[in-house]
Amino acid sequence: MGLSEMDMYWMKIALEKAEEAFQAGEVPVGAVLVESSGRYFADRNRTSETGMPTSHAEHLVITAAAEDREDWRLEECTLYTTLEPCLMCAGLAVLSRIPRIVYGAMDKRFGAFGSVTDVLKMPGLNHYPEVFGGYYSDESAKLLKEFFRQGREKKTGKRG
């Protein structure tokens, strides 16, 4: 399945949020949760800013939407994120009944939709979203690589 024009639009918004995270010194991940009405919630990673390990971009948009709707069920929504969700964010997406997830780069350290583990293969869940990965993966991975390269340079005092 290829991305539709609307999918590409929302992934670009997620990438803009990832760039904001990068500029703020956060791991550059952005997410957008879009309701079927077109209303949306967008955010970026804020773990350093908040001092909270749960302040992942996906967690923030899911929580904002649930609070706004006053309902934990986020059916008829699509979650767009620049990085494959971790186990926490994947679990939250499943628990909130998000039917469709589109992500950019694979996360070979923490990815929970096929890279490290696969939530979709867990038996007995009462909800399994459709998950589509690898969209705008080069752009997403480039930001992440640059962020971690700069972090290594700060630690060692070396460039390159």
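Everything in this summary refers to the structure shown in the same document. (Residues numbered from 1 in each chain as written. Predicted model: local features only at pLDDT ≥ 70, side-chain atom pairs only at ≥ 80, totals over all residues. Heavy atoms only, no water.)

**Observations regarding helix α1 (residues 5-23)**
So, point 1. Along its 19 residues, α1 runs 27 Å from first to last C-alpha, staying within 8% of the 27 Å computed at 1.5 Å per residue.
So, point 2. Listed as buried for α1 are D7, W10, M11, I13, A14, L15, K17, A18, A21 and F22.
So, point 3. In this fold, the buried residues of α1 make contact with β1 (30-35), β2 (40-44), β3 (77-83), β4 (100-105) and α5 (137-156).
So, point 4. One or two steps after α1, the chain reaches G25, where phi turns positive at roughly 80°. (Helix = DSSP H or I, 4+ residues; strand = E, 2+ residues; numbered from the N terminus. Expected span 1.5 Å × (residues − 1). Buried < 20%, exposed > 50% of the residue type's maximum accessible area, 1.4 Å probe, protein only. Contact = heavy atoms within 4.5 Å.)

**With respect to the pairing of β3**
So, point 1. Counting buried positions along β3 yields seven of seven residues, so the element is predominantly enclosed.
So, point 2. Across five bridges, the pairing between β1 and β3 is antiparallel. Within β3, the residue paired with A31 across the bridge is T81.
So, point 3. Note: β3 against β4, five bridges, orientation parallel. (Pairing = 2+ DSSP bridges.)

**Let's talk about the pairing of β1**
So, point 1. The buried count for β1 comes to six of six residues, which makes it a mostly enclosed element.
So, point 2. Neither face of β1 is left uncovered, since the one carrying G30, V32 and V34 and the one carrying A31, L33 and E35 both have all their residues buried.
So, point 3. In terms of strand pairing, β1 meets β2 through five bridges, oriented antiparallel. Bridged to V32 within β2 is A42.
So, point 4. The loop that links β1 with its antiparallel partner β2 comprises four residues; one of these, G38, has a positive phi angle of about 100°.

Distances and angles like these do not, on their own, reveal function.
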